[in-house]
Amino acid sequence: MNMEDSPELRTTRPDATKPDATKPDATKLGATKLGAGVIKRATRLADGRELIYYDDPGTTLGPDRSVDARTLDPRPGTANMRLDVLTGDWITVAANRQNRVMMPGADADPLAPQSPTNPSEVPSNYDVAVFENRSPAFGPALAEATGDESAAADAPRGLDDLAALDLGRTRTAVGRCEVVCFSPDHAGSFGTQTVTRARTVIEAWADRTAALSQLPGIEQIFPFENRGEAIGVTLPHPHGQIYAYPYVTPRTTRLLQSIESTGADLFQRILEHEQNDARVVLRGEHWTAFVPFAARWPLEVHLMPNRHVPDLAETTAAERDELAPLYLKLLRGVDALYDTPTPYIAAWHQAPVHVGRDSVRLHLQLTSPRRAADKLKFLAGSEAAMWAWAAEVTPEQGAERLRDAIARAESASA
(Lines give C-alpha, C1' and ligand atoms only; values in the text may rest on other atoms or scores of the structure.)
Protein backbone atom coordinates (compact mmCIF):
# COMPACT_ATOMS: atom_id res chain seq x y z
CA MET A 1 0.00 0.00 0.00
CA ASN A 2 1.14 3.50 -0.73
CA MET A 3 2.86 5.51 1.95
CA GLU A 4 1.48 9.00 2.30
CA ASP A 5 3.52 11.92 1.02
CA SER A 6 3.36 14.06 4.13
CA PRO A 7 5.52 17.18 4.44
CA GLU A 8 8.93 16.68 5.98
CA LEU A 9 9.48 18.31 9.37
CA ARG A 10 13.25 17.95 9.62
CA THR A 11 14.26 20.77 7.28
CA THR A 12 14.09 23.61 9.78
CA ARG A 13 17.43 24.61 11.23
CA PRO A 14 17.90 24.66 15.04
CA ASP A 15 16.98 28.36 15.24
CA ALA A 16 13.74 27.90 13.31
CA THR A 17 11.57 28.96 16.26
CA LYS A 18 13.37 32.31 16.62
CA PRO A 19 11.61 35.09 14.71
CA ASP A 20 13.58 37.24 12.33
CA ALA A 21 13.58 40.73 13.85
CA THR A 22 13.72 42.28 10.38
CA LYS A 23 10.36 40.79 9.39
CA PRO A 24 6.92 42.09 10.45
CA ASP A 25 4.82 39.97 12.78
CA ALA A 26 1.77 40.12 10.51
CA THR A 27 0.66 41.39 7.14
CA LYS A 28 -2.70 42.21 5.60
CA LEU A 29 -3.39 39.89 2.68
CA GLY A 30 -5.47 40.84 -0.33
CA ALA A 31 -8.73 39.02 -0.92
CA THR A 32 -10.16 37.25 -3.97
CA LYS A 33 -13.83 36.27 -3.83
CA LEU A 34 -14.61 32.75 -5.02
CA GLY A 35 -17.88 30.83 -5.16
CA ALA A 36 -20.14 30.18 -2.13
CA GLY A 37 -18.72 33.20 -0.29
CA VAL A 38 -15.23 31.68 0.05
CA ILE A 39 -12.37 34.20 0.28
CA LYS A 40 -8.90 33.38 -1.09
CA ARG A 41 -5.77 35.02 0.35
CA ALA A 42 -2.31 34.18 -1.06
CA THR A 43 1.12 34.64 0.49
CA ARG A 44 4.56 32.98 0.68
CA LEU A 45 6.36 30.89 3.28
CA ALA A 46 9.87 31.72 4.47
CA ASP A 47 11.54 29.62 1.76
CA GLY A 48 9.37 31.02 -1.04
CA ARG A 49 6.75 28.27 -1.24
CA GLU A 50 3.21 29.36 -2.04
CA LEU A 51 0.64 29.36 0.79
CA ILE A 52 -3.04 30.07 0.13
CA TYR A 53 -5.71 30.57 2.77
CA TYR A 54 -9.32 29.77 1.84
CA ASP A 55 -11.65 31.41 4.35
CA ASP A 56 -15.12 30.04 5.07
CA PRO A 57 -18.11 32.26 4.28
CA GLY A 58 -18.79 34.22 7.45
CA THR A 59 -15.34 33.44 8.84
CA THR A 60 -14.17 35.15 12.02
CA LEU A 61 -10.67 35.44 10.57
CA GLY A 62 -9.60 38.87 9.38
CA PRO A 63 -7.22 39.86 6.56
CA ASP A 64 -4.18 40.07 8.88
CA ARG A 65 -2.09 36.89 8.86
CA SER A 66 1.15 36.10 10.66
CA VAL A 67 4.34 36.19 8.61
CA ASP A 68 6.39 33.00 8.42
CA ALA A 69 9.48 34.11 10.37
CA ARG A 70 11.23 30.73 10.42
CA THR A 71 14.76 30.29 9.11
CA LEU A 72 14.47 27.43 6.61
CA ASP A 73 17.04 25.52 4.60
CA PRO A 74 16.89 26.04 0.83
CA ARG A 75 14.34 23.93 -0.99
CA PRO A 76 15.63 20.62 -2.35
CA GLY A 77 16.31 20.28 -6.04
CA THR A 78 13.64 18.89 -8.34
CA ALA A 79 13.59 15.09 -8.48
CA ASN A 80 14.44 12.91 -11.47
CA MET A 81 12.21 10.51 -13.43
CA ARG A 82 13.34 7.25 -15.02
CA LEU A 83 11.49 5.34 -17.73
CA ASP A 84 10.53 1.70 -17.08
CA VAL A 85 10.87 0.50 -20.65
CA LEU A 86 8.93 -2.71 -19.85
CA THR A 87 5.71 -0.85 -19.06
CA GLY A 88 6.23 2.69 -20.36
CA ASP A 89 5.73 4.05 -16.83
CA TRP A 90 7.81 6.96 -15.55
CA ILE A 91 9.19 6.38 -12.02
CA THR A 92 10.08 9.40 -9.90
CA VAL A 93 13.24 9.05 -7.80
CA ALA A 94 12.98 11.61 -4.96
CA ALA A 95 15.46 10.63 -2.26
CA ASN A 96 14.87 13.88 -0.34
CA ARG A 97 11.47 12.51 0.78
CA GLN A 98 12.91 9.81 3.05
CA ASN A 99 12.69 11.78 6.31
CA ARG A 100 9.05 12.28 7.21
CA VAL A 101 7.51 12.83 10.61
CA MET A 102 5.49 9.86 11.90
CA MET A 103 2.23 10.46 13.79
CA PRO A 104 3.30 13.49 15.86
CA GLY A 105 1.35 14.72 18.85
CA ALA A 106 -0.70 17.90 18.73
CA ASP A 107 2.24 19.91 20.11
CA ALA A 108 4.40 18.98 17.09
CA ASP A 109 1.79 18.86 14.32
CA PRO A 110 3.40 20.38 11.18
CA LEU A 111 -0.04 21.21 9.72
CA ALA A 112 -1.40 23.05 12.76
CA PRO A 113 -1.19 26.84 13.01
CA GLN A 114 2.24 27.94 14.23
CA SER A 115 2.72 28.53 17.96
CA PRO A 116 5.73 29.72 20.02
CA THR A 117 6.72 26.07 20.57
CA ASN A 118 5.63 24.55 17.23
CA PRO A 119 7.32 25.95 14.08
CA SER A 120 4.75 24.35 11.80
CA GLU A 121 4.09 24.99 8.13
CA VAL A 122 1.13 27.39 8.48
CA PRO A 123 1.96 30.69 10.23
CA SER A 124 -1.61 31.77 11.10
CA ASN A 125 -4.88 30.28 12.24
CA TYR A 126 -6.96 29.24 9.24
CA ASP A 127 -10.14 27.61 7.96
CA VAL A 128 -8.59 25.83 4.95
CA ALA A 129 -4.94 26.20 3.94
CA VAL A 130 -3.08 24.97 0.84
CA PHE A 131 0.71 25.09 0.53
CA GLU A 132 3.49 23.56 -1.52
CA ASN A 133 4.95 20.39 -0.05
CA ARG A 134 8.46 20.99 1.29
CA SER A 135 9.80 17.72 -0.13
CA PRO A 136 7.75 17.07 -3.27
CA ALA A 137 7.82 14.18 -5.72
CA PHE A 138 7.26 16.69 -8.54
CA GLY A 139 8.64 20.23 -8.82
CA PRO A 140 9.25 22.95 -7.89
CA ALA A 141 10.96 23.47 -11.27
CA LEU A 142 8.65 23.63 -14.28
CA ALA A 143 8.97 22.90 -17.99
CA GLU A 144 9.35 26.63 -18.62
CA ALA A 145 10.33 29.50 -16.35
CA THR A 146 7.53 31.50 -14.74
CA GLY A 147 7.58 34.52 -12.48
CA ASP A 148 8.00 32.23 -9.47
CA GLU A 149 9.84 29.11 -10.65
CA SER A 150 12.81 28.35 -12.86
CA ALA A 151 12.83 26.12 -15.92
CA ALA A 152 14.11 22.60 -15.35
CA ALA A 153 17.01 21.18 -17.30
CA ASP A 154 15.95 18.07 -19.24
CA ALA A 155 12.23 18.69 -18.72
CA PRO A 156 9.71 16.50 -20.58
CA ARG A 157 9.08 17.80 -24.08
CA GLY A 158 5.41 16.91 -24.37
CA LEU A 159 3.42 13.67 -24.38
CA ASP A 160 5.06 12.31 -27.53
CA ASP A 161 8.48 12.67 -25.90
CA LEU A 162 7.29 10.79 -22.80
CA ALA A 163 5.73 8.00 -24.88
CA ALA A 164 8.97 7.09 -26.66
CA LEU A 165 10.44 3.80 -25.36
CA ASP A 166 14.17 3.31 -25.00
CA LEU A 167 16.71 2.18 -22.41
CA GLY A 168 18.15 4.63 -19.91
CA ARG A 169 15.73 7.50 -20.56
CA THR A 170 15.45 10.19 -17.85
CA ARG A 171 13.61 13.47 -17.44
CA THR A 172 13.31 16.02 -14.65
CA ALA A 173 10.18 15.49 -12.52
CA VAL A 174 8.66 18.91 -13.10
CA GLY A 175 5.30 19.70 -11.52
CA ARG A 176 3.79 20.61 -8.20
CA CYS A 177 2.77 18.80 -5.00
CA GLU A 178 0.50 20.62 -2.56
CA VAL A 179 -0.93 19.89 0.89
CA VAL A 180 -4.58 20.77 1.56
CA CYS A 181 -5.39 21.27 5.26
CA PHE A 182 -9.13 20.79 5.81
CA SER A 183 -9.10 22.23 9.33
CA PRO A 184 -6.68 23.63 11.93
CA ASP A 185 -7.70 20.77 14.26
CA HIS A 186 -5.09 18.10 14.98
CA ALA A 187 -7.28 15.06 14.24
CA GLY A 188 -10.10 14.18 11.87
CA SER A 189 -10.73 13.73 8.14
CA PHE A 190 -12.84 15.24 5.38
CA GLY A 191 -15.85 13.38 6.73
CA THR A 192 -15.61 15.04 10.15
CA GLN A 193 -15.99 18.53 8.69
CA THR A 194 -19.14 20.65 8.55
CA VAL A 195 -21.05 21.13 5.29
CA THR A 196 -19.77 24.72 5.17
CA ARG A 197 -16.16 23.62 5.57
CA ALA A 198 -16.58 20.83 3.01
CA ARG A 199 -17.90 23.41 0.56
CA THR A 200 -14.81 25.57 1.20
CA VAL A 201 -12.49 22.63 0.48
CA ILE A 202 -14.37 21.85 -2.74
CA GLU A 203 -13.92 25.49 -3.80
CA ALA A 204 -10.20 25.20 -3.01
CA TRP A 205 -9.91 21.99 -5.06
CA ALA A 206 -11.58 23.66 -8.02
CA ASP A 207 -9.47 26.80 -7.72
CA ARG A 208 -6.21 24.85 -7.49
CA THR A 209 -7.18 22.56 -10.38
CA ALA A 210 -7.68 25.62 -12.57
CA ALA A 211 -4.45 27.31 -11.43
CA LEU A 212 -2.22 24.23 -11.64
CA SER A 213 -3.55 23.40 -15.10
CA GLN A 214 -2.00 26.65 -16.34
CA LEU A 215 1.54 25.81 -15.20
CA PRO A 216 4.05 24.92 -17.97
CA GLY A 217 4.47 21.19 -18.50
CA ILE A 218 1.50 20.05 -16.37
CA GLU A 219 -0.57 17.24 -17.91
CA GLN A 220 -2.91 16.06 -15.12
CA ILE A 221 -4.20 17.26 -11.72
CA PHE A 222 -5.02 14.77 -8.94
CA PRO A 223 -6.65 15.79 -5.62
CA PHE A 224 -6.80 12.99 -3.05
CA GLU A 225 -7.10 12.13 0.62
CA ASN A 226 -5.29 9.26 2.35
CA ARG A 227 -7.05 8.36 5.59
CA GLY A 228 -5.84 5.94 8.30
CA GLU A 229 -2.62 4.26 9.37
CA ALA A 230 -3.55 1.12 7.40
CA ILE A 231 -3.19 3.22 4.23
CA GLY A 232 0.22 4.52 5.32
CA VAL A 233 -0.87 7.90 6.69
CA THR A 234 1.87 9.56 8.76
CA LEU A 235 -0.08 12.59 9.99
CA PRO A 236 -3.44 12.39 11.82
CA HIS A 237 -4.25 15.99 10.90
CA PRO A 238 -7.29 16.25 8.56
CA HIS A 239 -5.73 16.93 5.19
CA GLY A 240 -5.37 15.81 1.62
CA GLN A 241 -3.00 16.52 -1.24
CA ILE A 242 -2.95 17.65 -4.85
CA TYR A 243 -0.44 16.35 -7.40
CA ALA A 244 0.20 18.16 -10.68
CA TYR A 245 1.88 15.57 -12.91
CA PRO A 246 4.16 16.17 -15.91
CA TYR A 247 2.55 13.19 -17.67
CA VAL A 248 -0.81 11.48 -18.03
CA THR A 249 -0.89 8.87 -15.27
CA PRO A 250 -0.81 5.14 -16.13
CA ARG A 251 -4.35 4.65 -14.81
CA THR A 252 -5.72 7.42 -17.02
CA THR A 253 -3.72 6.19 -20.01
CA ARG A 254 -5.47 2.81 -19.72
CA LEU A 255 -8.79 4.62 -19.44
CA LEU A 256 -8.13 6.61 -22.62
CA GLN A 257 -7.36 3.35 -24.43
CA SER A 258 -10.71 1.90 -23.30
CA ILE A 259 -12.54 5.03 -24.46
CA GLU A 260 -10.83 4.82 -27.85
CA SER A 261 -11.99 1.21 -28.19
CA THR A 262 -15.57 1.65 -26.94
CA GLY A 263 -16.60 5.23 -27.74
CA ALA A 264 -16.37 8.74 -26.32
CA ASP A 265 -19.67 8.33 -24.43
CA LEU A 266 -18.31 5.50 -22.25
CA PHE A 267 -18.84 7.31 -18.94
CA GLN A 268 -22.44 8.21 -19.77
CA ARG A 269 -23.18 4.60 -20.66
CA ILE A 270 -21.53 3.40 -17.43
CA LEU A 271 -23.62 5.84 -15.39
CA GLU A 272 -26.88 4.83 -17.08
CA HIS A 273 -26.02 1.16 -16.55
CA GLU A 274 -25.26 1.68 -12.86
CA GLN A 275 -28.28 3.93 -12.19
CA ASN A 276 -30.57 1.06 -13.16
CA ASP A 277 -28.86 -1.39 -10.80
CA ALA A 278 -28.95 -2.23 -7.09
CA ARG A 279 -25.36 -1.05 -6.68
CA VAL A 280 -26.42 2.63 -6.34
CA VAL A 281 -25.85 3.85 -2.77
CA LEU A 282 -26.71 7.58 -3.06
CA ARG A 283 -28.46 9.60 -5.72
CA GLY A 284 -28.82 13.40 -6.04
CA GLU A 285 -29.91 15.84 -8.69
CA HIS A 286 -26.32 16.31 -9.86
CA TRP A 287 -24.36 13.30 -8.51
CA THR A 288 -24.69 9.52 -8.23
CA ALA A 289 -22.68 7.22 -5.93
CA PHE A 290 -22.44 3.53 -6.76
CA VAL A 291 -20.35 0.44 -6.21
CA PRO A 292 -18.91 -0.36 -9.66
CA PHE A 293 -19.81 -3.55 -11.51
CA ALA A 294 -16.23 -4.91 -11.29
CA ALA A 295 -15.14 -3.52 -7.92
CA ARG A 296 -11.69 -4.73 -6.88
CA TRP A 297 -11.57 -3.73 -3.24
CA PRO A 298 -13.65 -4.95 -0.26
CA LEU A 299 -14.99 -1.40 -0.13
CA GLU A 300 -15.06 0.53 -3.40
CA VAL A 301 -17.50 3.26 -4.35
CA HIS A 302 -17.54 5.77 -7.20
CA LEU A 303 -19.16 9.22 -7.07
CA MET A 304 -19.86 10.72 -10.48
CA PRO A 305 -21.57 13.86 -11.82
CA ASN A 306 -24.74 13.17 -13.80
CA ARG A 307 -23.50 15.26 -16.74
CA HIS A 308 -20.12 15.30 -18.44
CA VAL A 309 -17.64 17.38 -16.46
CA PRO A 310 -13.88 16.99 -17.09
CA ASP A 311 -12.65 18.30 -13.74
CA LEU A 312 -13.62 20.08 -10.54
CA ALA A 313 -12.83 23.47 -12.03
CA GLU A 314 -15.63 22.94 -14.58
CA THR A 315 -18.35 22.06 -12.04
CA THR A 316 -21.17 24.54 -11.50
CA ALA A 317 -22.06 26.23 -8.22
CA ALA A 318 -25.13 24.00 -7.93
CA GLU A 319 -23.01 20.86 -8.43
CA ARG A 320 -20.54 21.99 -5.75
CA ASP A 321 -23.36 22.90 -3.37
CA GLU A 322 -24.86 19.40 -3.65
CA LEU A 323 -21.49 17.66 -3.55
CA ALA A 324 -20.60 19.00 -0.08
CA PRO A 325 -23.44 17.32 1.90
CA LEU A 326 -23.63 14.28 -0.39
CA TYR A 327 -19.92 13.51 -0.08
CA LEU A 328 -20.10 13.94 3.71
CA LYS A 329 -23.05 11.55 3.86
CA LEU A 330 -21.06 8.98 1.89
CA LEU A 331 -17.95 9.31 4.07
CA ARG A 332 -19.93 9.09 7.30
CA GLY A 333 -21.58 5.94 6.00
CA VAL A 334 -18.15 4.52 5.23
CA ASP A 335 -17.15 5.19 8.85
CA ALA A 336 -20.35 3.57 10.13
CA LEU A 337 -19.44 0.22 8.58
CA TYR A 338 -17.37 -0.70 11.67
CA ASP A 339 -16.89 0.43 15.25
CA THR A 340 -13.66 2.25 14.36
CA PRO A 341 -12.92 4.69 11.51
CA THR A 342 -12.42 3.12 8.09
CA PRO A 343 -9.07 3.60 6.32
CA TYR A 344 -9.47 4.68 2.72
CA ILE A 345 -8.02 6.42 -0.32
CA ALA A 346 -10.35 9.05 -1.79
CA ALA A 347 -9.07 9.66 -5.32
CA TRP A 348 -10.55 12.37 -7.54
CA HIS A 349 -9.92 11.27 -11.13
CA GLN A 350 -9.94 14.23 -13.51
CA ALA A 351 -9.49 14.53 -17.26
CA PRO A 352 -5.94 15.34 -18.36
CA VAL A 353 -5.17 18.99 -19.05
CA HIS A 354 -4.63 18.66 -22.82
CA VAL A 355 -6.22 15.38 -23.98
CA GLY A 356 -9.47 13.51 -23.36
CA ARG A 357 -11.36 16.56 -22.09
CA ASP A 358 -14.54 15.63 -24.01
CA SER A 359 -14.58 11.99 -22.93
CA VAL A 360 -12.93 11.52 -19.50
CA ARG A 361 -15.46 12.40 -16.81
CA LEU A 362 -14.58 13.64 -13.34
CA HIS A 363 -15.27 10.99 -10.71
CA LEU A 364 -14.30 9.99 -7.21
CA GLN A 365 -12.97 6.49 -6.58
CA LEU A 366 -13.02 5.71 -2.86
CA THR A 367 -11.37 2.42 -1.88
CA SER A 368 -10.53 0.69 1.38
CA PRO A 369 -8.49 -2.47 2.04
CA ARG A 370 -10.63 -3.27 5.10
CA ARG A 371 -12.54 -6.50 4.42
CA ALA A 372 -13.72 -7.13 7.99
CA ALA A 373 -13.55 -5.38 11.36
CA ASP A 374 -10.14 -6.93 12.05
CA LYS A 375 -8.94 -7.93 8.57
CA LEU A 376 -7.25 -6.10 5.70
CA LYS A 377 -6.81 -7.05 2.07
CA PHE A 378 -3.11 -7.10 1.21
CA LEU A 379 -1.90 -7.04 -2.36
CA ALA A 380 0.31 -10.10 -2.66
CA GLY A 381 1.61 -12.28 -5.52
CA SER A 382 -1.13 -12.34 -8.15
CA GLU A 383 -2.43 -8.81 -7.61
CA ALA A 384 0.82 -6.99 -6.85
CA ALA A 385 3.02 -8.80 -9.37
CA MET A 386 0.61 -9.62 -12.20
CA TRP A 387 -2.15 -6.99 -11.65
CA ALA A 388 -4.63 -9.89 -11.67
CA TRP A 389 -7.29 -9.12 -9.07
CA ALA A 390 -9.60 -11.40 -7.09
CA ALA A 391 -12.39 -9.78 -5.04
CA GLU A 392 -13.62 -11.31 -1.76
CA VAL A 393 -16.80 -9.19 -1.50
CA THR A 394 -19.34 -9.06 -4.31
CA PRO A 395 -20.15 -5.53 -5.50
CA GLU A 396 -23.83 -6.12 -4.74
CA GLN A 397 -23.05 -7.14 -1.15
CA GLY A 398 -20.76 -4.15 -0.80
CA ALA A 399 -23.48 -1.76 -1.99
CA GLU A 400 -26.07 -3.20 0.37
CA ARG A 401 -23.73 -2.95 3.36
CA LEU A 402 -22.85 0.63 2.50
CA ARG A 403 -26.50 1.67 2.06
CA ASP A 404 -27.28 0.22 5.49
CA ALA A 405 -24.30 2.01 7.02
CA ILE A 406 -25.35 5.34 5.49
CA ALA A 407 -28.82 4.89 6.93
CA ARG A 408 -27.39 4.12 10.38
CA ALA A 409 -25.14 7.17 10.25
CA GLU A 410 -28.03 9.43 9.27
CA SER A 411 -30.22 7.98 12.02
CA ALA A 412 -27.49 8.49 14.62
CA SER A 413 -27.05 12.15 13.64
CA ALA A 414 -30.78 12.92 13.55
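Remember, it's a predicted structure, so these values are computed and weren't measured experimentally.

Definitions and cut-offs
Residues numbered from 1 in each chain as written. Predicted model: local features only at pLDDT ≥ 70, side-chain atom pairs only at ≥ 80, totals over all residues. Heavy atoms only, no water. Helix = DSSP H or I, 4+ residues; strand = E, 2+ residues; numbered from the N terminus. Rg over C-alpha atoms; globule rule 2.2 N^0.38 Å. Buried < 20%, exposed > 50% of the residue type's maximum accessible area, 1.4 Å probe, protein only. Contact = heavy atoms within 4.5 Å. Areas by Shrake-Rupley, 256 points an atom, 1.4 Å probe, with all protein chains shown as cover. Lys, Arg positive; Asp, Glu negative; His and termini not counted. Charge placed at Lys NZ, Arg CZ, Asp CG, Glu CD. Phe/Tyr/Trp six-rings, centres within 6.5 Å; stacked < 30°, edge-to-face > 60°. Lys NZ or Arg CZ within 6 Å of the ring centre and 35° of its normal. Pairing = 2+ DSSP bridges. Axes fitted to C-alpha atoms, helices over the stretch in contact; angles between N-to-C directions. Core = buried A, V, L, I, M, F, W, Y, C linked by side-chain atoms within 4.5 Å. Salt bridge = Lys/Arg side-chain N within 4 Å of Asp/Glu carboxyl O.

J.: It is not clear to me how the overall build of the chain should be interpreted in this structure. Could you clarify?
T.: Scanning the chain from N- to C-terminus turns up 7 helices and 19 strands. The C-alpha radius of gyration of the chain comes to 21 Å, within 12% of the 22 Å expected for a compact globule of 414 residues. Expressed along its principal axes, the backbone C-alpha trace of the chain runs to roughly 65 × 60 × 40 Å. Evaluated residue by residue, the chain yields a buried proportion of 51% over its 414 residues. Expressed as a percentage of contacts within the chain between residues at least 6 apart in sequence, the contacts between residues at least 24 apart total 69%. When the accessible surface of the chain is split by element, carbon and sulfur atoms take 52% of a total near 18000 Å². Between the mean site of the 44 positive side-chain charges and the mean site of the 56 negative ones, the chain shows a separation of 1 Å.

J.: Would you explain the packing of aromatic side chains in this entry?
T.: In this description, a pair of aromatic rings is defined by centroid distance and the angle of the planes. Counted by the stated rule, this structure contains 15 aromatic pairs. Between the aromatic rings of Phe138 and Tyr245, the centroid separation amounts to 5.4 Å while the plane-to-plane angle is 75°, which identifies the pairing as edge-to-face. Of this pair, Phe138 sits in the loop between strand E8 (128-132) and helix H1 (159-163) while Tyr245 sits in strand E12 (residues 239-245), and the two are 107 residues apart along the sequence. For the pair Phe138 and Tyr245, one class covers both residues: buried. In this structure an aromatic cluster arises from ring pairing among Phe138, Phe222, Phe224, Tyr243, Tyr245 and Tyr247. Arg65 extends its terminal NZ or CZ atom over the ring of Tyr53, reaching a point 4.9 Å from the ring centre.

J.: Mind showing me how you'd approach the sheet that holds E8 here?
T.: In a beta sheet, neighbouring strands pair by backbone hydrogen bonds and run either parallel or antiparallel. Reading across the sheet, the 12 strands line up as E2-E3-E4-E8-E10-E12-E11-E16-E17-E15-E14-E13 and stay open at both edges, with antiparallel pairing between neighbours. Both edges of this open sheet fall to strand E2 (32-33) and strand E13 (280-283), since each of them pairs with a single strand only. Pairing of strand E11 (residues 220-227) with strand E16 (residues 344-349), which is carried by 4 bridges, proceeds in the antiparallel orientation. Residue Glu225 lies in a different strand from E16, and its bridge partner there is Ala346. Running at roughly 140° to strand E4 (residues 50-55), helix H2 (residues 195-212) makes contact with strand E3 (39-44), E4, E8, strand E10 (176-181), E11, E12 and E16 of the sheet.

J.: Help me understand unusual backbone geometry, please; the structure alone is not making it clear to me.
T.: Where the residue is not glycine, phi is negative for most of them; where a peptide bond is considered, it is trans in most cases. Along the chain, Gly139 connects to Pro140 via a cis peptide bond; the corresponding omega equals 15°. Following the sequence through the fold, Pro140 ends up in the loop between E8 and H1. Backbone geometry at Ala36 places phi at a positive 60°, although glycine is not the residue there. Relative to the elements of secondary structure, Ala36 occurs in the loop between E2 and E3. Under the relative-accessibility criterion, Ala36 is labelled partly exposed at 39%. With phi around 60°, Asp154 is a residue other than glycine that occupies positive phi space.

J.: Explanation requested: the environment of Pro223 in the structure shown.
T.: Looking at the element boundaries, Pro223 is found in strand E11. Along the sequence, Pro223 and His349 sit 126 residues apart, while their C-alpha atoms lie 7.8 Å from each other. Aside from chain neighbours lying at most four places away, what touches Pro223 is Trp205, Thr209, Gln241, Ile242, Leu312, Ala346, Ala347, Trp348 and Gln350.

J.: Help me understand the nonpolar core in this model?
T.: Side chains of a nonpolar character, in soluble globular proteins, are inclined to be buried together. One finds Trp205 and Tyr327 to be the most contacted residues of the largest nonpolar core, which totals 53 residues. No other element matches the 8 residues that helix H5 (residues 317-335) contributes to this core. Contacts of Tyr327, omitting those with residues within four sequence positions, involve Phe190, Trp205, Leu303, Ala346, Trp348 and Leu364. Counting residues in each nonpolar core, the second largest holds 16 residues, with Phe138, Cys177, Tyr247 and Ala347 among its members.

J.: What am I meant to see in the pattern of salt bridges here?
T.: For side chains bearing opposite charge, pairing can occur when the charged atoms are close. Evaluated as defined, the whole model comprises 36 salt bridges. Salt-bridge contacts for Asp127 lead to Arg197; the nearest nitrogen and oxygen are separated by 3.4 Å. Within this pair, whereas Asp127 is found in the loop between strand E7 (89-93) and E8, its partner Arg197 is found in helix H2, the two being separated by 70 residues in sequence. Summarising the burial analysis for this pair, Asp127 and Arg197 share the class buried. Residue Asp161 is joined to Arg171 by a salt bridge in which the shortest nitrogen-to-oxygen separation is 2.8 Å. Residue Asp161 is located in helix H1, and its partner Arg171 is located in strand E9 (residues 170-172); the two are separated by 10 residues in the primary sequence. Among the ionic contacts, a cluster of salt bridges with common partners joins Arg44, Glu50, Arg75, Glu132, Asp148, Glu149, Arg176, Glu178 and Arg208.

These figures capture arrangement, not role.
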